[in-house]
Amino acid sequence: MTAGEGTGGPEGGLRILLAEDEALIRMDLAEMLTEAGHQIVGQAADGEQAVAMVKEIGPDLVVMDIKMPGMDGISAAEQIGKEGLAPVVMLTAFSDKNLVERARDAGVMSYVVKPFSSADVLPAIDIARARWAERKALETEVADLGERFETRKRVDRAKGLLMAQLKLSEAEAFRWIQKAAMDRRLSMREVADAVIAGMPSKK
């Protein structure tokens, strides 16, 4: 079993690692996620500890605060993402666009703005898992790192068009691209290019 593939069942039940320097928030999160049927397999108070624990435990998912002492959440997420260890959901007190873009570039799969409730955290976990599965599918299809980045950009753009035109969710739009690629024996990048060419975005 590789990290990130875990034992989570169809009803959720993910093995989750929490990384947050404020103990009270960690406790709230642990209670919230346990009540939702997930298992907390580790708790870290800073980025370095989080990275070490992810490598040791191999959780299905990491919920991590953006601001922590020493190594911050974005740097830790970048290391976790670069090594393909687990999807990361980022907690942040700021809805700053630059911060969100930095987090996305670091491999963060979704984020939640504080203060949050289970109605914010649980959907973010679902989004992170879906995006992680997409990333793994693209890695399987495209070996070259530069080409993979370009493919992901085009697939993301095509997903946006499909979501707007066909009223699909993000996960449904990706499955649409994946199925079209299999049915037509094309790469996902070729399907994405066809979608972009055939469905101009509305300005």
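To keep things clear, this report deals only with the structure shown in the data block. Remember, predicted model here, so these are calculated numbers, not experimental data.

### A look at helix α6 (residues 145-166)
Working step 1: For α6, which comprises 22 residues, the first-to-last C-alpha distance of 30 Å matches the rise-based estimate of 32 Å (1.5 Å per residue) to within 8%.
Working step 2: Those residues of α6 not exposed but buried are R148, T151, V155, A158, K159, L161 and L162. Each buried residue of α6 sits inside an arc of 165° when the element is viewed along its axis, so together they form one side.
Working step 3: Its buried side turned inward, α6 meets α5 (118-141), α7 (170-184) and α8 (188-198).
Working step 4: K167 occupies a position one or two residues after α6 and carries a positive phi of about 55°.

### Some words on the nonpolar core
Working step 1: Counting residues in hydrophobic clusters, the biggest one holds 24 residues, and the most contacted among them are V62, M64, I74, I80, V88 and M90.
Working step 2: For this core, the secondary structure elements donating two or more residues are β1 (15-19), α2 (47-57), β3 (61-65), α3 (73-82), β4 (88-92) and α4 (97-105).
Working step 3: Beyond its immediate sequence surroundings of up to four residues, I74 is in contact with I66, M90, L99, R102, A103 and A106.
Working step 4: Counting 20 residues, the second largest nonpolar core, distinct from the first, contains L14, M109, F116 and V121.

### Remarks on α3
Working step 1: Taken residue by residue, α3 has G73, I74, A76, A77, I80 and G81 as its buried positions. Along the axis of α3, the buried residues cluster in a sector spanning 160°; they form a single face.
Working step 2: Check the buried side of α3 and you find it contacts α2, β3, β4, α4 and α5.

### Comments concerning the layout of surface pockets
Over the atoms rolls a probe the size of a water molecule, and its path tells where empty space is left.
Working step 1: Considered as a void within the structure, the largest pocket measures approximately 690 Å³ in volume.
Working step 2: Among the elements of the structure, α3, α4, α5, α6 and α7 are those that each provide at least two residues to the lining of the largest pocket.
Working step 3: Broken down by element, the residue count for the lining of the largest pocket peaks at eight residues, all from α6.
Working step 4: The residue makeup of the lining of the largest pocket, split by class, is eight nonpolar, three polar and 14 charged.
Working step 5: In this structure, the second largest pocket occupies an estimated 180 Å³ of space.
Working step 6: Contributing to the lining of the second largest pocket are I66, M90, T92, L99, V100, A103, R104, V108, M109, S110, Y111 and R131.

### Details of the pattern of salt bridges
Working step 1: Under the criterion given, the structure shown has 13 salt bridges.
Working step 2: Of the charged contacts, one joins R135 and E139 as a salt bridge, the two residues approaching to 3.1 Å between their closest N and O atoms. Placement of the pair is R135 and E139 together in helix α5, with a separation of four residues, close to one helical turn.
Working step 3: Overall, the relative accessible area of 10% leaves R135 in the buried class.
Working step 4: Of the charged contacts in the structure, one is a salt bridge between K159 and D156, with a shortest N-O distance of 3.3 Å.

### Thoughts on the pairing of β3
Working step 1: Within β3, five of the five residues are buried, leaving the element largely enclosed by the surrounding structure.
Working step 2: Neither face of β3 is exposed, since L61, V63 and D65 on one face and V62 and M64 on the opposite face are all buried.
Working step 3: Bridge count between β1 and β3: four bridges; the pairing is parallel. Bridge pairing in β3 links L18 to V63.
Working step 4: In this fold, the crossover linking β3 to β4 by way of α3 has right-handed handedness.

Each value, and the rule that gives it
Residues numbered from 1 in each chain as written. Predicted model: local features only at pLDDT ≥ 70, side-chain atom pairs only at ≥ 80, totals over all residues. Heavy atoms only, no water. Helix = DSSP H or I, 4+ residues; strand = E, 2+ residues; numbered from the N terminus. Expected span 1.5 Å × (residues − 1). Buried < 20%, exposed > 50% of the residue type's maximum accessible area, 1.4 Å probe, protein only. Arc of directions from axis to C-beta. Contact = heavy atoms within 4.5 Å. Core = buried A, V, L, I, M, F, W, Y, C linked by side-chain atoms within 4.5 Å. 1 Å grid on protein atoms, 1.4 Å probe; cavity = no way out; pocket = protein on both sides within 12 Å on 5 of 7 lines; lining within 4 Å. Points joined across faces, edges and corners; volume = space filled by probe spheres on them. Nonpolar A, V, L, I, M, F, W, Y, C, P; charged D, E, K, R; others polar. Salt bridge = Lys/Arg side-chain N within 4 Å of Asp/Glu carboxyl O. Pairing = 2+ DSSP bridges. Right-handed = clockwise from strand over helix to strand, strands pointing away.

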